[in-house]
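Okay, here's what each chain looks like letter by letter:
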Amino acid sequence: MSTGFFDGIEKLAYEGVDSTSDLAFRHYNPDEIVMGKRMEEHLRFAIAYWHSFAWEGGDPFGGQTLVRPWHPQDDMGRAKMKADVAFEMFDILNAPYFCWHDADIRPEQGNFADNLSTLNEITDYIGEKMQATGMKLLWGTANMFSHMRWMGGASTNPDPDVFAFAAATVKGCMDATHKLGGENYVLWGGREGYETLLNTDMGQELDHMGRFLSMVVDYKHKIGFKGQILVEPKPQEPSKHQYDYDAATCIGFLRKYGLENEVKLNLEQGHAILAGHSFEHEIAVAASEGMLGSIDMNRNDYQSGWDTDQFPNNVPEVALTYYHIIQAGGLGAGGTNFDAKIRRQSIDPIDLIASHAGGMDVCARGFKAAAAMVEDGGLQKALDDRYAGWKTPEAEAMLNSDLASISERVLSDGINPAPRSGRQEILENYVNRFV
Ligand code: XLS
Ligand code: NI
Ligand code: NI
């Protein structure tokens with residue numbers, strides 16, 4: 001029985017590029033075969049529960065603007081209604097996956113035992129809905145940043161009782177994710193960092209965070225969870241400085257604590273921008289280490305400098321993102337999670353649907369452009385050409401040589417490198433042919 005929340009909105013269909021409907025796909029056609037596989041299986045779209053169903057429209061200067069029948073979110077009955085509406089939206093959008101934090105799906109109880117029992121109850125309820133619909137869980141995670149108990153950090157909190165509460169919380173969320181067949185478990189540390197070094201022992205906090213993550217990995221093996229464990233880099237916001245600053249920082253952290261073969265990265269477009277990188281930079285860093293796990297797709301406002309979590313709207317940027325993902329072997333067990341929210345003035349149910357439909361279309365269009373570039377091979381050819389010198393026996397041998405021998409060879413052969421064009425503009429023009 002429908003909740004009626006989306007009354008008047010039909011399940012979206014692929015109508016092709018000429019469609020003028022606000023509620024149709026022009027580019028996302030799940031069954032279309034691209035590079036030998038259905039588009040749905042390449043993109044693995046997921047809907048983030050928090051932005052669409054838990055966020056009430058507040059910003060740092062004002063409170064709630066979104067008025068929903070499942071508000072106030074402090075009651076189990078209304079949490080179930082929220083789940084009913086969420087599954088109606090998943091169906092309308094024809095999205096195969098979703099993601100949650102514990103705090104998105106169950107009401108906060110103020111103590112661990114009740115938080116756990118409500119989480120178990122609501123995930124049983126959600127599990128039945130997954131069974132009935134075929135909907136899948138891309139990842140679960142714990143919200144260890146909103147409630148005041150986390151204000152000084154979760155695993156990095158100076159208070160060991162908060163560390164304990166965090167460990168118990170993550171155990172409960174991992175159990176629930178495992179129960180629902182989740183394909184990944186994510187840790188993003190919004191409060192794992194500091195507001196001021198004046199009150200922070202960074203070395204001790206990093207050691208605690210490393211130990212905590214090792215316990216997460218141990219527990220994954222203990223319960224036989226087959227999904228990936230992912231950490232999500234972000235440089236700041238809400239903390240002034242977050243320890244999981246960017247992909248390179250996270251990789252260094254994982255290596256330091258011996259977790260590089262156990263944990264991969266969930267990379268987010270807006271977080272890359274906050275860290276002063278492009279999204280493809282972060283993907284290339286992770287891919288070069290074999291640590292690309294999944295992506296959170298969104299965009300930031302380039303003028304405001306905040307993590308605005310808007311829906312992606314820039315096909316050329318998205319095309320380069322997927323180009324690097326395809327080059328890295330695809331998303332694997334990861335997916336494209338819309339960690340994106342409507343604006344606080346977008347108060348109607350239709351805004352929730354149109355925003356996701358547009359985001360899915362932008363991704364599909366960028367993905368198809370990326371696939372066409374990969375199939376054409378122009379960028380790869382230019383790359384092969386640029387590095388061709390390294391295929392010669394002398395060049396290969398040099399990497400196992402030493403400075404003195406190399407110096408002798410430079411003198412005896414009179415080596416004097418000839419400058420070569422980097423061809424950047426030609427390559428940019430090339431990309432523009434596809435996007
Ligand atoms: C916040 C993060 C968050 C994570 C999950 O900026 O993106 O939404 O994806 O905790
Ligand atoms: Ni984010
Ligand atoms: Ni995210």
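Provided above is the structure to which this section pertains.
Just so it is clear, the structure is predicted and the values come from calculations on it, not from any experiment.

> Quick question: what am I supposed to make of the packing of aromatic side chains here?
By the definition in use, this model includes 21 aromatic pairs. Consider the rings of Trp50 and Trp139, whose centres lie 5.4 Å apart with planes at 40 degrees: the pair is tilted. Taken together, the residues span a long stretch of sequence, with Trp50 in helix 2 (residues 49-54) and Trp139 in strand 5 (residues 136-141) at a distance of 89 residues. In this pair, the class of Trp50 matches that of Trp139, namely buried. On the basis of an interplanar angle of 65 degrees and a centroid distance of 5.0 Å, the ring pair of Phe87 and Phe90 is categorised as edge-to-face. A residue pair is termed a helical-turn pair when its members lie 3 or 4 positions apart in one helix, as Phe87 and Phe90 do in helix 3 (residues 76-93) at 3 residues. As far as the burial class goes, Phe87 and Phe90 line up, both buried. Of note, Lys341 hangs over the ring of Trp55, and the distance from its end group to the ring centre comes to 4.9 Å.

> Explain the coordination of the nickel ion (ligand 3) here, please?
Six octahedral donors around a metal ideally sit at 90 or 180 degrees from one another, while four tetrahedral donors ideally sit at 109.5 degrees. The protein atoms donating to the nickel ion (ligand 3) are Glu232 (OE), Glu268 (OE), Asp296 (OD) and Asp339 (OD), with metal-donor distances spanning 2.0 to 2.1 Å. Given 6 donor atoms and angles of 80 to 174 degrees at the metal, the environment of the nickel ion (ligand 3) is assigned as octahedral. One chain supplies every donor to the nickel ion (ligand 3), and in sequence these donors are spaced E-x35-E-x27-D-x42-D. Taken as an interatomic distance, the gap from the nickel ion (ligand 3) to the nickel ion (ligand 2) is 3.7 Å; Glu268 donates to each of them. Of this pair, Glu232 sits in the loop between strand 8 (228-231) and strand 9 (241-242) while Glu268 is found in strand 10 (residues 263-268), placing the two residues 36 residues apart along the sequence. Residues Glu232 and Glu268 agree in their burial class; the two are buried.

> Explanation requested: the site of ligand 1 in the structure shown.
By nearness alone, every residue bordering ligand 1 is listed as Trp50, His101, Trp139, Phe145, Trp188, Glu232, Lys234, Glu268, His271, Asp296, Asp307 and Asp339. Within the contact set of ligand 1, an oxygen atom lies 2.9 Å away from a side-chain nitrogen or oxygen of Lys234. In the complex, the protein chains occlude 95% of the 290 Å² of accessible area that ligand 1 would expose alone. The cavity where ligand 1 resides is the largest pocket. Partitioning the shell around ligand 1 into residue classes produces 4 nonpolar, 2 polar and 6 charged.

> When you look at the packing of helix 6 (residues 160-179) against helix 7 (residues 202-223) in this model, what are you seeing that I'm missing?
Between two packed helices, the angle of one axis relative to the other and the distance separating the axes together describe the packing. The interhelical angle for the contact between helix 6 and helix 7, taken along N-to-C directions, is 30 degrees, at an axis separation of 11 Å. The orientation of helix 6 with respect to helix 7, classified from their angle, is roughly parallel. In this structure, the crossing between helix 6 and helix 7 has a hand that is right-handed. On helix 7, the residues touching Phe163, Ala166, Ala167, Val170, Lys171, Met174, Asp175 and His178 of helix 6 are His208, Phe212, Met215, Val216, Tyr219, Lys220 and Ile223. Of the residues in the contact of helix 6 with helix 7, the class split is 10 nonpolar, 2 polar and 3 charged.

> Explain helix 5 (residues 112-133) here, please?
Each α-helix turn comprises 3.6 residues. Residues three or four places apart therefore point the same way. With 22 residues, helix 5 extends 31 Å from end C-alpha to end C-alpha; this agrees with the ideal 32 Å at 1.5 Å per step. All of the buried residues along helix 5 are Asn115, Thr118, Leu119, Ile122, Thr123, Ile126, Gly127, Lys129 and Met130. Tucked inside the fold, the buried residues of helix 5 contact helix 2, helix 3, strand 4 (97-101), helix 4 (102-105), strand 5 and helix 6. Capping the start of helix 5, Asn111 holds a side-chain oxygen 3.2 Å from the backbone nitrogen of Ala113, two or three residues further along.

> Any chance you could explain the pairing of strand 10 here in plain terms?
Two faces make up the sheet, and in a regular strand the side chains alternate between them. Burial within strand 10 is extensive, with 5 of its 6 residues counted as buried. Relative to strand 10, strand 8 is paired through 3 bridges, and the arrangement is parallel. Among the inter-strand pairings, Leu230 is bridged to a residue of strand 10, identified as Lys264. Here strand 10 runs beside strand 11 (residues 292-297); their pairing, made up of 4 bridges, is parallel. Note that in strand 11 the partner of Asn266 across the bridge is Ser294.

What counts, and at which threshold
Residues numbered from 1 in each chain as written. Chains lettered and ligands numbered in written order. Predicted model: local features only at pLDDT ≥ 70, side-chain atom pairs only at ≥ 80, totals over all residues. Heavy atoms only, no water. Phe/Tyr/Trp six-rings, centres within 6.5 Å; stacked < 30°, edge-to-face > 60°. Helix = DSSP H or I, 4+ residues; strand = E, 2+ residues; numbered from the N terminus. Buried < 20%, exposed > 50% of the residue type's maximum accessible area, 1.4 Å probe, protein only. Lys NZ or Arg CZ within 6 Å of the ring centre and 35° of its normal. Donors = N, O, S within 2.8 Å, 3.2 Å for Na, K, Ca; no water. Tetrahedral: all angles 85-135°; square planar, octahedral: opposite > 155°, others 65-115°. Near = heavy atom within 4 Å. Polar contact = N/O pair within 3.5 Å; in protein donor to acceptor, adjacent residues only side chain to side chain. Areas by Shrake-Rupley, 256 points an atom, 1.4 Å probe, with all protein chains shown as cover. 1 Å grid on protein atoms, 1.4 Å probe; cavity = no way out; pocket = protein on both sides within 12 Å on 5 of 7 lines; lining within 4 Å. Sits in = over half its atoms within 2 Å of the grid points. Nonpolar A, V, L, I, M, F, W, Y, C, P; charged D, E, K, R; others polar. Axes fitted to C-alpha atoms, helices over the stretch in contact; angles between N-to-C directions. Parallel < 35°, antiparallel > 145°, perpendicular 65-115°, else oblique. Left-handed = near helix turned anticlockwise from the far one by under 90°. Contact = heavy atoms within 4.5 Å. Expected span 1.5 Å × (residues − 1). Pairing = 2+ DSSP bridges.

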